[in-house]
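# Results of the structural survey
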Amino acid sequence: MHTNVLAELAATLEQRKSANADSSYVASLHSKGLNKILEKVGEESTETIIAAKDAVLSGDKSDLIYETADLWFHTLVMLSHLDLGPDAILDELARRFDLSGLEEKANRN
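Our subject in this report is the structure included herewith. (Residues numbered from 1 in each chain as written. Predicted model: local features only at pLDDT ≥ 70, side-chain atom pairs only at ≥ 80, totals over all residues. Heavy atoms only, no water.)

With that settled, consider the pattern of salt bridges. Summed over all chains, the structure comprises 7 salt bridges. When the shortest N-O distance is used, the salt bridge between lysine 17 and aspartate 83 registers 3.0 Å. Of the two residues, lysine 17 is situated in helix α1 (residues 5-17) and aspartate 83 in the loop between α4 (62-81) and α5 (86-95); the sequence distance between them amounts to 66 residues. Of the residues examined, lysine 17 reaches a relative accessible area of 22% and is grouped as partly exposed. Across the pair lysine 40 and glutamate 43 runs a salt bridge, and its minimum N-O distance is 3.0 Å. Here lysine 40 and its partner glutamate 43 are both found in helix α3 (residues 34-58), 3 residues apart, which amounts to about one turn of the helix. The exposure class assigned to glutamate 43 is partly exposed, which follows from its relative accessible area of 33%. Overlapping salt bridges, with partners in common, bring together Glu14, Lys17 and Asp83 in one network. (Salt bridge = Lys/Arg side-chain N within 4 Å of Asp/Glu carboxyl O. Helix = DSSP H or I, 4+ residues; strand = E, 2+ residues; numbered from the N terminus. Buried < 20%, exposed > 50% of the residue type's maximum accessible area, 1.4 Å probe, protein only.)

A separate point is the side chain of lysine 40. Looking at lysine 40, the relative accessible area reads 13%, which means it is buried. Leave out the neighbours within four places in its chain, and lysine 40 touches Tyr25, Leu29 and His74. (Contact = heavy atoms within 4.5 Å.)

On to the nonpolar core, then. In terms of nonpolar packing, the biggest core is built from 10 residues, these being Leu13, Val26, Leu29, Ile37, Val41, Leu71, Leu76, Val77, Met78 and Leu79. Among the elements of the structure, α2 (25-32), α3 and α4 are those that each provide at least two residues to this core. Top contributing element to this core by residue count: α4, with 5 residues. Setting aside chain neighbours within four positions, we find leucine 29 in contact with Lys36, Ile37, Lys40, His74 and Val77. (Core = buried A, V, L, I, M, F, W, Y, C linked by side-chain atoms within 4.5 Å.)

The backbone phi angle of aspartate 83 is positive, close to 60°, even though this residue is not glycine. Take aspartate 83: its relative accessible area is 65%, and that puts it in the exposed class.

Structure follows, in structure tokens:
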């Protein structure tokens, strides 16, 4: 059901990248530049962390799901701004399948 969501979202983000900044939130982010996009990624990261901590206390994970969706969305905008898409990240995750986390960390330069 959700297998193409990232690809569809990435295609939509690419289309809206060059849209009028007055009519598209994505275009407005791109027009403000990478620093504004990174600010949004940072803001959403913080909100996701807080939502995760709140979910432990309340048992309600709905805000965590919502904030994680915002984080992923803004991360995809960041990647798009840098001419990358989700496939680059998915390829890297697939590459790591046969590596243990400790091995992968040890192989970093």
